[in-house]
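Working through the structure, step by step
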Amino acid sequence: MSYFKTNNHGKNQYERFDKIQSRAVLYPILGFLGFCMIFLALSTWDFNNTENETVHSHVIYLNSKYLLLNTVSNKFLSFALDTSLLRDIKNLPIKNNKFINLARHLAPAYIRIGGTSADCLYFNETAQIISEKEISPVDNEDISNFTINGRDFGNLYNFATESKLRMIFDLNVLIRNVNNSWDDSNAKNIITFAKNKNMKLDWQLGNEPNSFHHVFNRTVTATQLAHDYCHLRQLLNELGYNESLLVGPEVNHVGDGVGENYTKLFLRNDKDSINYVTWHQYYLNGREAQLTDFINVSTFNYLPMQIKSMKEAIESPGRAISMWLSETSTAFGSGAPNLSDRFVAGFLWLDKLGYSASAGLNVVTRQSLFGGNYAMIGPDIIPNPDWWVSVIYKQFVSEKVLRITFENNLDYIRLYAHCTPEKALISGIPAITIYGVNVNKSPVQVIFQGIPTFQNAKVFSYALTSDNLQSRTIKMNGKILNLLQPGDHLPSFQPKVSVPTQPVILPPYSMVFIVIHGAKVPVCYT
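I will try to describe carefully the structure that is included in this document. (Residues numbered from 1 in each chain as written. Predicted model: local features only at pLDDT ≥ 70, side-chain atom pairs only at ≥ 80, totals over all residues. Heavy atoms only, no water.)

**Considerations on helix α11 (residues 385-396)**
- For α11, built from 12 residues, the straight-helix expectation of 16 Å at 1.5 Å per residue is met to within 8% by its first-to-last C-alpha distance of 17 Å.
- Of all 12 residues in α11, 12 are buried, a share of seventy percent or more.
- Pro385, Asp386, Trp387, Trp388, Val389, Ser390, Val391, Ile392, Tyr393, Lys394, Gln395 and Phe396 are the residues of α11 that are buried. (Helix = DSSP H or I, 4+ residues; strand = E, 2+ residues; numbered from the N terminus. Expected span 1.5 Å × (residues − 1). Buried < 20%, exposed > 50% of the residue type's maximum accessible area, 1.4 Å probe, protein only.)

If you want it as C-alpha cells, here you go:
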C-alpha cells in the first residue's frame, strides 16, 4: 500500500490531503505597457491570459550519493530587535500575547538585541535615565546615551523565553577608559544581574566598530577591539557564562575591503575569544531603493561576492571559524518604505537564506522582527509577507544542506535544496525540499533528474505569489494566507500534488517550496 494513503493527523500542511487535486492552472503574464509604465507593470500584472506564454524549462539534478554540502544551526533563520527600540520600550509590544505568539511561530531562533544604539546603552538596575537627544550626521539616528533598568531588561528576556527564543545581547563597547581600553563596569552590572536572575543568553560587544569614526566621531581599532573581546570572554567565564556564545566583531562595509581588513586584524589578535565571526549585510540604501532593484539579478549577485570576500578575510589569518550574518535585510537605513516590508522583499530574503546556507554560513539574523520599514511584523501586529516566508521556511527546510546542479541555468531562477525536517514528513518517509525564487515575468517549468524515489513518491508544491509586488498580502497556491482565529494558529498549507516525473510550474514573480516525498537521498535519513 502507498504510504501516501496514510496521513498523519495534526500536520496542518496535509489536512484534506485526499481532496487535493493535481491540475493545470492558468499563470499570469506581464503585459508590455511601455518603458514609462514599468513600475505599474511590475506592481500589477494580468492573471487572466497565459495561453500564448512561452514556458522555459529549468532542469535540476541532484546526485543522491553526495554527502551533505553543509549543516547549519537549527537556529539558522534568526532575527533581531534593534536596540533603538529600547529607548521607548513601553511601546515595544513584548508583553503582547499576539506578538509573543507570532515570534514563537519562528522558533527555534536567536533574537539579537543590537544595533547602533547598543553603543549608547547603559544599565541601571533601579533607574531609567534618558539623555538629551543627539542626532548622528550619518543616518539621522539618535545616538544619545540612555539607560534601561532591571525591570525592562527582565521583560525583554521574558519575551525571548516565552517565545522560545535564545537572546543575544549586544553590550556597549564605547564606555572607554582614559587609555581607550574598554571599561567593563557597566557590562559587569548587566552580566551579574542576568546571572542572578538565572538568565541564559549569549553576547556581543559593540556594533559596526569600523564605522565608529563616521557615526560617533570616535575610533576603536581592530587590535584594541580584539583585546576588549578577550577581556569580555574572561569576564563571562568568571561570572558563570563560560558556556555562552560570544560573537563578533560585527563589522559592516563588507565588499569594499573596509570590513574585511578590520576583521583580518581583529582575528590576528582576539586569541580565539569568539565562537563565530559576525558581519552585517544589506543590498540597498533604503532612501534610494526602487522597486526594480528588488527583482534585478545584479542585486541578488551582490551577496555571493560579499561572502566570498569575507571568507578570504577569515582565512587570511589562518582561522577556521564559521560566519554569521548577524544583521541583514534588503536595505539599510530602516529599510525602503513600501518595499522592504512588502511581498517583493521576499525574493531577496529567501534567496539570501538559500545561498547563505549553501555557502556554509551558520546563522542569518534578519533585521528586524519589529520596527522600521523592514519589519517582519507590522506596527499593527499583523505579519508582513517575510514573516510568512520565514514560517514556511521553518516548516519545510531543515539544517541539512544538499548540493544541486542545473543543466540550463537561468539567472532569474535561483533554487536550493535541503533535507526536509522530520515534522514535515509523512509517516516518517524521507523527503527533500527544493526552494527558491522566480524573479521573471514569465512562468518556468522545473524538471527533476537524478533523484531516485520510492514507489508512489509524490511532489508537493507550494507557490507564493501576490496580486501586487508591493502588497502586504501573500498567497499560497492562489489563496491568501491568514492566521486562524481565535489563537492566531497557522492555517493548513495546501499543496499542489504531482509525481516526480512531471514538471513543476513556477509562476511569474513567485517564491516556491517543492517537497519531494519519497526521495531516496541517504544523507537525509541516516
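Let us keep going from here.
**A few points about the packing of aromatic side chains**
- Under the counting rule described, the total for this entry stands at 20 aromatic pairs.
- Ring geometry for Tyr282 against Phe332: centres 6.4 Å apart, planes inclined by 80°, an arrangement best described as edge-to-face. Here Tyr282, found in strand β10 (residues 276-285), pairs with Phe332, found in strand β11 (residues 323-332); they are 50 residues apart in sequence, far enough to count as distant.
- A relative accessible area of 37% means that Phe332 is categorised as partly exposed.
- Between the aromatic rings of Phe343 and Phe347, the centroid separation amounts to 5.5 Å while the plane-to-plane angle is 85°, which identifies the pairing as edge-to-face. You'll find Phe343 and Phe347 in the same group, each marked buried.
- Put simply, the rings of Phe76, Tyr393, Tyr416, Tyr435 and Phe513 pair up and form one aromatic cluster.
- When the ring centre of Tyr110 is taken as origin, the NZ or CZ atom of Lys75, which lies over that ring, is 5.3 Å away.
- A cation sits over an aromatic face here: Arg366 above Trp349, 5.1 Å from the ring centre. (Phe/Tyr/Trp six-rings, centres within 6.5 Å; stacked < 30°, edge-to-face > 60°. Lys NZ or Arg CZ within 6 Å of the ring centre and 35° of its normal.)

**Some points on the sheet that holds strand β7 (residues 166-171)**
- If you trace the eight strands from one edge of the open sheet to the other, you get β8-β7-β4-β3-β12-β11-β10-β9, paired in parallel fashion. One side of each edge strand has no neighbouring strand; the edge strands of this open sheet are β8 (202-205) and β9 (247-251). Each neighbouring strand pair of the sheet contributes to a mean axis angle of 25°, computed without reference to strand direction.
- Across four bridges, strand β4 (residues 110-114) lies against β7 in parallel orientation. Of the residues in β7, the one forming a bridge with Ile111 is Met167.
- Here helix α3 (residues 150-162) sits on the sheet and contacts β3 (77-82), β4 and β7; the angle it forms with β7, its principal contact strand, is near 145°.
- Each of β3, β10, β11 and β12 (363-366) is contacted by helix α10 (residues 345-358), which is oriented at about 165° to β11, the strand it contacts most. (Pairing = 2+ DSSP bridges. Axes fitted to C-alpha atoms, helices over the stretch in contact; angles between N-to-C directions. Contact = heavy atoms within 4.5 Å.)

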